[in-house]
Every structure is written in structure tokens, then in C-alpha cells.
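# Overview (structure and organization)
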Amino acid sequence: MELCIFTEPQQGASYDDQLAQARATERLGFDGWFRSDHYLAMGDGDPLPGPTDAWTTLAGLARETSGIRLGTLVSSATFRHPSVLAIQVAQVDAMSGGRVELGLGTGWFAEEHEAYGIPFPVQRFGMLEEQLEVVTGLWTTPLGRHYDFTGEHYRLVHSPALPKPVQAPLPIIVGGAGPRRTPAIAARFASEYNIGFRDESIIAASFDRVRRACDEIGRDPGSLRTSVALPTVVATSDADYLRRLDAIGADPDTFAEINIAGSPAAAVDKLLRLRELGADRVYLQLVDLRDLDHLELIAAEVLPHLPHLP
């Protein structure tokens, strides 16, 4: 099982805050650092200094880290033309020496689109499918060949399909709890299927659906990694637990119902259950980037209990 750190910088974090957390993530032995791709804070709280662009941030971190995986969970198909996205991701992959992963989804937060004047069509699954087809088509077109694409949303004519990522294939993450289209898209395009913010019964059912979707197109379900993303608050005292919940505006009466919460032993138990459900990777959502002691605690008291897992 891999453990990655996942955070939400739009809630109020500078590039330096993200750099400090990413460096600690690498130093402490986690497998990767992933961030959301949003331009507007959600809920109450101080949003300063304002949003940071996901792929600009990852480009900087690519040069400031050396071993951890880096990526988005997930970029919105509404934010970037797929050709531009393919160039950005390939470039950041080269800057990192081949450590980048692209999480891509339909986008869902209408308010951020309105706030920054970004179009937000009602129907977005078709846009997502075409984006995935264009991105993968550009990356897999042989050198010296050109790529053409005509769809409902995008048209490319005689593209040189450059640059190429260092990784071939570059990992693509598709996620969501949708019962039909999401599993089908993941089976067709993704190297990893992710389900987030759901209880264990929904996680298990979602994993089963995406495996069936692989079977339906003749893909080996074992070739698709499955992962879970969950908010995480770990502490060794009630006072620290409540303080960390308060810092992210979480309800102490309900937070532990589905999330990774409580003592280090409770976190280990939850991670073991997720592994039994089939999770190959878990993203620990740590919204308070500045609480690096939280990372230290998880690394010291949770990570050592997991290496025996296959």
C-alpha cells in the first residue's frame, strides 16, 4: 500500500507553504504529494494569499523534490484545453525526472467558474472523455507522426504531438462515485481509479464496478490501480485531536464516521480495512498545510505499521 499526502491549497496557502509540506512529505518517507486544482476557497476561513495554479505549483515542486510522486487530485476538464494540458503535464514530468501523475475529472465547483469567468457547461462527461482521448493521443503518437482529432468539443489538425512525457505511459487518475460513466472512462483511459470521501461500503461497491467495467472491455482489472482519498486527522491526545479538527472546520461529532481519524492505532486499523477492500494507494487529505507536526506524527506512528502489506 502506498500512502500519499493530498491537500487543498485554495483554502489559504502560499507556494512556500506547499513547498514546505512537500519537502516534509518526501523527507518523512511518504510516496507522493498531490493537490487539488481549484481557484476558489470553500466555506468560511481566510483564503489569503489566494489561489495558486496547480500545474505552475507542481512545476516548481518538480525542481525542489527528487523522489516523491507529484500530481493533481484532480484537475478540472473545464480549466484547460487538452492540448495545452498535455504540453504542461509532459513538461512538468520532464522537470521532475518522470514523477508526475495526471488526475483529471469533469469539474464540479460552479462558483469558482463564475468567480473567474470560466465556462461551466452543464454536460461535462463528453468533454472529459474527449480530453482524455486528446491527451493520451498526443502522448502516444509516434515521434515524426502527426495527430488529428475531431470531436464535439475539440478539433486538432496535423498536430506534431510534442513534447512527450518522460514516462510512457504517464499515469492517469480518474475518480468518482458515478455508477456507470465514471467506471467506463476509468477502465478505458486510467492507470488508477480513485474514490474519495465515501464510507467503506460505497468504496467496495465502486471498486467492484470499475473491475466489471474493465472486464467488459477486455482489460485485466489487475492492471488498474485502485485508491481512496479521505480527510485525515491523527493525534495522541484529545486536545490535539480537537485542535486539528477546529483548524479545518471539521465537526468532532461526525468526522470519524468515514474518515481516517483519532489515535495512530485507529488510523492504522482504518488503513488496514481499506487495504482489505482492495486499495493499493491511500491519499491522506491534510488541509492544514502548516501543521507539519501532524505529518511527523503520522510518519512516526502510522507508517511503520504498514510496510508488511503487499
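Structure: see above.
Residue indices begin from 1 for each chain and proceed along its sequence in written order. Local features in this predicted model are restricted to residues of pLDDT 70 or higher, and side-chain atom pairs are both shown and tallied only at a pLDDT of 80 or more, whereas totals for entire chains, interfaces and linings draw on every residue. As a convention, hydrogens and water are excluded, and side-chain values are obtained from all of the structure's heavy atoms.

Now for the side chain of Ser206. Mapped onto the elements, Ser206 comes out in helix H7 (residues 200-216). Should any heavy atoms of two residues lie within 4.5 Å, those residues are considered in contact. Residues within four places of Ser206 in sequence aside, it is in contact with Ala177, Tyr193 and Ile195. Numbered from the N terminus, helices here are DSSP runs of H or I no shorter than four residues, and strands are runs of E no shorter than two.

When accessible area is computed with a 1.4 Å probe and restricted to protein chains, residues below 20% of their type maximum are described as buried, those above 50% as exposed, and intermediate ones as partly exposed. Across the two faces of strand S2 (residues 32-35) the burial is the same, with Gly32 and Phe34 and Trp33 and Arg35 all buried. If the strands point away from the viewer and the path from the first strand over the helix to the second runs clockwise, then the crossover is right-handed. Note that the unit made of strand S1 (residues 2-7), helix H1 (residues 15-27) and S2 has a crossover that is right-handed. DSSP calls a pair of strands paired once it identifies at least 2 bridges connecting them. Pairing geometry for S2 and strand S3 (residues 69-72), over four bridges, is parallel. Bridging from a neighbouring strand, Phe34 pairs with Gly71 of S3. Crossover S2 to S3 through helix H2 (residues 54-64) is right-handed.

Moving on, we come to the packing of aromatic side chains. The description of an aromatic ring pair rests on the distance of the ring centres and on the angle between the ring planes. Each aromatic pair joins two rings of Phe, Tyr and Trp (for Trp, the six-membered one) with centres within 6.5 Å, and gets the label stacked for planes under 30 degrees apart, edge-to-face for over 60, and tilted for any other angle. Applying the stated criterion across every chain, the model contains five aromatic pairs. Members of the aromatic cluster, joined through ring pairs, are Tyr39, Phe79 and Tyr116.

Turning to helix H6 (residues 181-189), its buried residues number three or more, namely Thr182, Pro183, Ile185, Ala186, Ala187 and Phe189. Looking at the buried residues of H6, the elements they touch are helix H5 (125-140), strand S8 (172-175), strand S9 (192-196) and H7.

Another point: the pattern of salt bridges. The working definition used for a salt bridge is a side-chain nitrogen of Lys or Arg within 4 Å of a carboxyl oxygen of Asp or Glu. Summed over all chains, the structure comprises 20 salt bridges. Residue Arg211 pairs with Asp208 through a salt bridge whose shortest N-O separation is 3.3 Å. Taken together, the residues span about one helical turn, with Arg211 and Asp208 both in helix H7 at a distance of three residues. Members of the salt-bridge network, linked through shared partners, are Glu2, Arg69, Glu101, Glu192, Arg225 and Arg281.

Of all hydrophobic cores here, the largest spans 73 residues; its most connected members are Phe30 and Leu271. Considering each element in turn, this core owes the most residues, seven residues, to H5. The residues contacting Phe30, other than those within four sequence positions of it, are Leu3, Ile5, Thr25, Ile68, Leu284, Leu295, Ile298, Ala299 and Leu303. Within this scheme, the nonpolar core is defined by two criteria: the residues are buried Ala, Val, Leu, Ile, Met, Phe, Trp, Tyr or Cys, and they are joined through side-chain atoms within 4.5 Å.

Between helix H3 (residues 82-96) and H5, whose axes approach to 9 Å, the crossing angle comes to 50 degrees. By the angle between their axes, H3 is oblique relative to H5. The two elements H3 and H5 cross, and the hand of that crossing is right-handed. Side by side, H3 and H5 meet where Pro82, Ser83, Leu85, Ala86, Val89 and Ala90 of the first sit next to Gln131, Val134, Val135, Leu138 and Trp139 of the second. Grouping the constituent residues of the contact of H3 with H5 by class yields nine nonpolar, two polar and no charged. Note on geometry: axes are C-alpha line fits, over the in-contact stretch for helices, and angles between N-to-C directions span 0 to 180 degrees. Angular relationships are summarised with four words: roughly parallel below 35 degrees, roughly antiparallel beyond 145, roughly perpendicular across 65 to 115, and oblique for the angles in between. For any helix crossing, the convention is left-handed if the near helix is rotated counterclockwise from the far helix by under a right angle, and right-handed if that rotation is clockwise. Three classes are used: nonpolar for Ala, Val, Leu, Ile, Met, Phe, Trp, Tyr, Cys and Pro, charged for Asp, Glu, Lys and Arg, and polar for all others, with Gly counted as polar.

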